Amino acid sequence: MKRHNLLTVAVVASSLLAVPAIYAAPTSISSPVHAMFGKTKTNTIKLNLRNDTGTSLQVLVGDKPMTLEPGKLVNLDVPVGTRIVANSATPNHAVGSLIEEVIKDHKGATIAIR
């Protein structure tokens, strides 16, 4: 009978000590979930082009040709480093001349081509 009581006391004591040990486990385990689901940095800039030359103007935005009508605003979403080059001659721009090279500081800017 004494052995039965001794065994019962041992089981109860170990269970009473085990309960606080469970709560002592770390609750915030650092895992690199942010590496997979975090925001990626985008290097695209939104800016506007406006043709103030009085005639339609052909430009190359990167490798893509565009026509800018006089006085109209054109919204662009282009990567940083994109070159905007004149593809038709104007009094101020020869064919192939650089109009703009997009940088991150020009975010939301309006570029007027004269």
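Residues numbered from 1 in each chain as written. Predicted model: local features only at pLDDT ≥ 70, side-chain atom pairs only at ≥ 80, totals over all residues. Heavy atoms only, no water.

Labelled according to an unreviewed UniProt entry, the protein appears under the name Copper-binding protein, originating from Tunturiibacter gelidiferens.

A. How the structure looks around the pattern of salt bridges. According to the stated counting rule, one finds two salt bridges in the structure shown. Residue D52 pairs with R50 through a salt bridge whose shortest N-O separation is 3.1 Å. By relative accessible area, which is 29% here, R50 ends up partly exposed. The residue R83 makes a salt bridge to E101 at a minimum N-O spacing of 3.5 Å. Taken together, the positions of R83 in strand 5 (residues 83–86) and E101 in strand 6 (residues 98–101) put the pair 18 residues apart, joining distant regions of the chain. The class of R83 is partly exposed, set by a relative accessible area of 42%. (Salt bridge = Lys/Arg side-chain N within 4 Å of Asp/Glu carboxyl O. Buried < 20%, exposed > 50% of the residue type's maximum accessible area, 1.4 Å probe, protein only. Helix = DSSP H or I, 4+ residues; strand = E, 2+ residues; numbered from the N terminus.)

B. Region of interest: the sheet that holds strand 7 (residues 110–113). Taken in spatial order, the three strands make up an open sheet running 4-1-7, and their pairing is mixed. Either end of the sheet is taken by a strand with one partner, and the two such strands are strand 4 (73–79) and strand 7. The mean inter-strand angle of the sheet, taken between neighbouring strand axes irrespective of direction, is 30°. Bridge count for strand 1 (residues 44–51) against strand 4 is seven bridges, and the pairing is antiparallel. Paired with N48 across the bridge in strand 4 is N75. (Pairing = 2+ DSSP bridges. Axes fitted to C-alpha atoms, helices over the stretch in contact; angles between N-to-C directions.)

C. Quick look at the environment of I103. Of note, I103 is situated in the loop between strand 6 and strand 7. Separated by 59 residues in the primary sequence, I103 and T44 place their C-alpha atoms 9.4 Å from one another.

D. Spotlight on the sheet that holds strand 2 (residues 57–61). With antiparallel pairing, four strands are arranged side by side in an open sheet as 3-2-5-6. Of all the strands in the sheet, just strand 3 (64–68) and strand 6 have a single pairing partner and so form its edges. Between one strand axis and the next, the sheet turns through 25° on average, direction left out of account.

E. Local environment of the pairing of strand 7. Here strand 7 shows one buried face, formed by I111 and I113, and one open face, formed by T110 and A112. As defined by bridge partners, strand 1 adjoins strand 7 across four bridges and the pair is classed as parallel. When the bridges of strand 7 are listed, L49 appears paired with I111.

F. Representation of the side chain of E100 in the model. By secondary structure assignment, the location of E100 is in strand 6. Of the side chains bearing the opposite charge, R83 lies closest to the buried E100, which forms no salt bridge; the N-O distance is 11 Å. Engagement of the side chain of E100 in a polar contact is seen with the side chain of H106, the distance being 2.5 Å. (Lys, Arg positive; Asp, Glu negative; His and termini not counted. Polar contact = N/O pair within 3.5 Å; in protein donor to acceptor, adjacent residues only side chain to side chain.)

G. Representation of the nonpolar core. Counting 17 residues, the largest nonpolar core has L49, V59, V61, L68, L76 and I84 as the members making the most contacts within it. At the level of elements, strand 1, strand 2, strand 3, strand 4, strand 5 and strand 7 are the ones that each hand at least two residues to this core. Not counting the four nearest positions on each side in its chain, L68 is found in contact with L49, N51, T55, S56, L57, V59, V74 and I113. (Core = buried A, V, L, I, M, F, W, Y, C linked by side-chain atoms within 4.5 Å. Contact = heavy atoms within 4.5 Å.)

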